Amino acid sequence: MNDKDEPLVAHLEALRSALIACITVTIFLCPFAYWISPFVINFLIKLCIPEKVGSLHYFAPMEVFWTQLNLSLIISLLLAYPWNIWQFWKFLLPALYKEEAKALKLWLLSSTMLFIIGVAFCIYFILPILMGFSGSFSSEDIKPIIGLQNFLNLAGWLMFAFGIMFQSPIVVLLAVRFGLTNSSSLREKRPYIIVAILFFSALLTPPDVVSQILLAIPTWLLFELGLVIATKIEPKNNNYQKYLD
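Residues numbered from 1 in each chain as written. Predicted model: local features only at pLDDT ≥ 70, side-chain atom pairs only at ≥ 80, totals over all residues. Heavy atoms only, no water.

(A) Representation of the overall build of the protein chain in the model. The helix and strand tally for the protein chain stands at nine helices and zero strands. The N-to-C order of helical and strand elements in the protein chain reads α-α-α-α-α-α-α-α-α. For the protein chain, the spread of C-alpha atoms along the principal axes amounts to about 70 × 45 × 20 Å. Of all 245 residues assigned to the protein chain, the portion counted as buried reaches 36%. Of the contacts made within the protein chain by residues no fewer than 6 positions apart, 83% connect residues no fewer than 24 positions apart. Within the protein chain, one finds 16 positive and 15 negative side-chain charges whose respective centroids are separated by 9 Å. (Helix = DSSP H or I, 4+ residues; strand = E, 2+ residues; numbered from the N terminus. Buried < 20%, exposed > 50% of the residue type's maximum accessible area, 1.4 Å probe, protein only. Contact = heavy atoms within 4.5 Å. Lys, Arg positive; Asp, Glu negative; His and termini not counted. Charge placed at Lys NZ, Arg CZ, Asp CG, Glu CD.)

So, in structure tokens, the structure goes:
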């Protein structure tokens, strides 16, 4: 292990430098994120809001301004994500063995890609389905009036939920890779895992069955994909466990 005798103060200083670098870049990106936030809002509205729902509304004089501020912070965090991950990687790298560093690097890259895929899946498929379902209740006597802030809160929370739940293959692979479990055990516990997926889907989505099912089904499919891949890496896991011992 590199720098294993380095004093605690030096590690804390390295952590402090990494956090400052992350915060600085994120704040630096905020003005640009605020500038593009109206384009992001318009993009989401055109993509996700059907004609039956109509236009979105705001109900307070400064609502749009504060909504754009909140959205700009989210956008700046997303734009700074590669830089922040790189800082996290540099901080942990000196404390890792070669095999551990390789595994962590692969995990970070795979986790990032799955998070992006989850967010994109939510934007292009889930949100249009949910808003279309909402608009289906519209009639001559019933007209929806949906607030801009309500829509963006729903969109932001669902994107976060899909990004998190799409990490299920990573969780499976890491658990098998580091000997915490094996593929046979996961297959036997599949009913319990499905119940857990449904529970977390209900926890991370609004209180409606549609969004919960739309999140649970792809999460379960990704779990099955992770299980298939985990079966193939189990021989490697045995070698790695010997290395750790």
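(B) Spatial organisation of the packing of helix α2 (residues 63-79) against helix α5 (residues 148-165). Packing of α2 against α5 leaves a shortest axis separation of 10 Å and a crossing angle of 15 degrees. Considering their axes alone, α2 and α5 lie roughly parallel with respect to each other. Here α2 and α5 pass one another in a crossing that is left-handed. Where α2 approaches α5, its residues E63, V64 and T67 are matched on the opposing element by L148, Q149 and L152. Of the residues that constitute the contact of α2 with α5, the class distribution is three nonpolar, two polar and one charged. (Axes fitted to C-alpha atoms, helices over the stretch in contact; angles between N-to-C directions. Parallel < 35°, antiparallel > 145°, perpendicular 65-115°, else oblique. Left-handed = near helix turned anticlockwise from the far one by under 90°. Nonpolar A, V, L, I, M, F, W, Y, C, P; charged D, E, K, R; others polar.)

(C) Spotlight on the packing of aromatic side chains. As enumerated under the stated definition, the model contains 12 aromatic pairs in all. Judged by centre distance (5.9 Å) and plane angle (45 degrees), the ring pair of F121 and F162 falls under tilted. In this pair, F121 sits in helix α4 (residues 98-135) while F162 sits in helix α5, placing the two residues 41 residues apart along the sequence. Judged by relative accessible area, F121 falls into the partly exposed class, the value being 25%. Here a set of aromatic residues connected by ring pairs shows up, and it is made of F121, F125, F162 and F166. (Phe/Tyr/Trp six-rings, centres within 6.5 Å; stacked < 30°, edge-to-face > 60°.)

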